[in-house]
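# Working through the structure, step by step
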Amino acid sequence: MLTATAAGTLLGALWFVPSANATQDNPARSEPSVQATAQARVTTTSAESSGDGTQLADTGSFDTTPYVVGGTLFLTLGAGFVVYSVRRERLGF
C-alpha cells in the first residue's frame, strides 16, 4: 500500500510539470507593440548575420541511449527484487 501511495504522489506531482513545447497553437497578440517591433528588427538583423542557420529551439535531437539503458537496468533490478521477495515469501524465510 505504501508503494501505491508513493507512486500516486509522484504521478500527481509530475502532472504539474510544465511542458517544454517551443511552438504555440495561437499567437499571443494580434498586433505587436512598437517596442517589440523595434527589438524584433534588431534581433532579426543579428540572427541573419550569424550565418549558422539555427533558430530558437532548433537544437536537433539528443542522444537518448543512456536513458534507455539506465531505465532498462533499473526496471530489471526492480523486477529482480520482486522475484526475490516472492521467492523468500514462498520458502518461508
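Residues numbered from 1 in each chain as written. Predicted model: local features only at pLDDT ≥ 70, side-chain atom pairs only at ≥ 80, totals over all residues. Heavy atoms only, no water.

### Structural notes on the overall build of the protein
Note the threshold: A helix here means a DSSP run of H or I that spans at least four residues, while a strand means a run of E at least two residues long, and both kinds are numbered starting from the N terminus. Three exposure classes are used, based on accessible area relative to the maximum for each residue type with a 1.4 Å probe and protein chains only: buried under 20%, partly exposed in between, and exposed over 50%.
A tally of helices and strands in the protein yields 3 helices and 0 strands. Written out in order from the N terminus, the α and β elements of the protein read α-α-α. For the protein, buried positions account for 0% of its 93 residues.

### Examining helix 3 (residues 65-91)
As a reminder of what qualifies: The span expected for a helix works out to 1.5 Å for each residue beyond the first.
With 27 residues, helix 3 ought to run about 39 Å at 1.5 Å a step, and its terminal C-alpha atoms sit 39 Å apart, in line with that. For helix 3, the tally of buried residues reaches only 0 of 27 residues, placing the bulk of the element at the surface. Trailing helix 3 by a residue or two, Gly92 shows a phi angle of about 85 degrees, which is positive.

### Some points on a nonpolar patch on the surface
Rules: Patches here: salt-bridge-free residues with over 30% relative accessible area, like charges joined within 9 Å, nonpolar side chains (Val, Leu, Ile, Met, Phe, Trp, Tyr) joined within 5 Å. What sets the accessible areas is the Shrake-Rupley method with a 1.4 Å probe; for residues, cover comes only from the shown protein chains. Note on definitions: salt bridges are taken to be side-chain nitrogens of Lys or Arg within 4 Å of carboxyl oxygens of Asp or Glu.
There is a patch of nonpolar side chains on the surface, built from Leu10, Leu11, Leu14 and Val17 and spanning about 410 Å² of accessible area. Assignment of secondary structure puts Val17 in the loop between helix 1 (2-14) and helix 2 (34-50).

### A closer look at the confidence of the model for the protein
We count it as follows: The quantity called pLDDT is the predictor's confidence in a given residue, expressed from 0 to 100.
In this model, the protein carries a mean pLDDT of 75, and residues with pLDDT of at least 70 account for 55%. Looking at the elements of the protein, mean pLDDT is at its lowest for helix 2, recorded as 55, and at its highest for helix 3, recorded as 93.

### Some thoughts on the environment of Asp63
Quick note on the threshold: Here a polar contact is recorded for every N or O atom pair within 3.5 Å, except that within protein the pair must consist of a potential hydrogen donor and a potential acceptor, and residues adjacent in sequence are included only if both atoms are side-chain atoms.
Tracing the backbone through its elements, the reader meets Asp63 in the loop between helix 2 and helix 3. Residue Asp63 is classed as exposed on the basis of its relative accessible area, which comes to 54%. Within the structure, the side chain of Asp63 is placed 2.9 Å from the side chain of Thr65, a separation counted as a polar contact.

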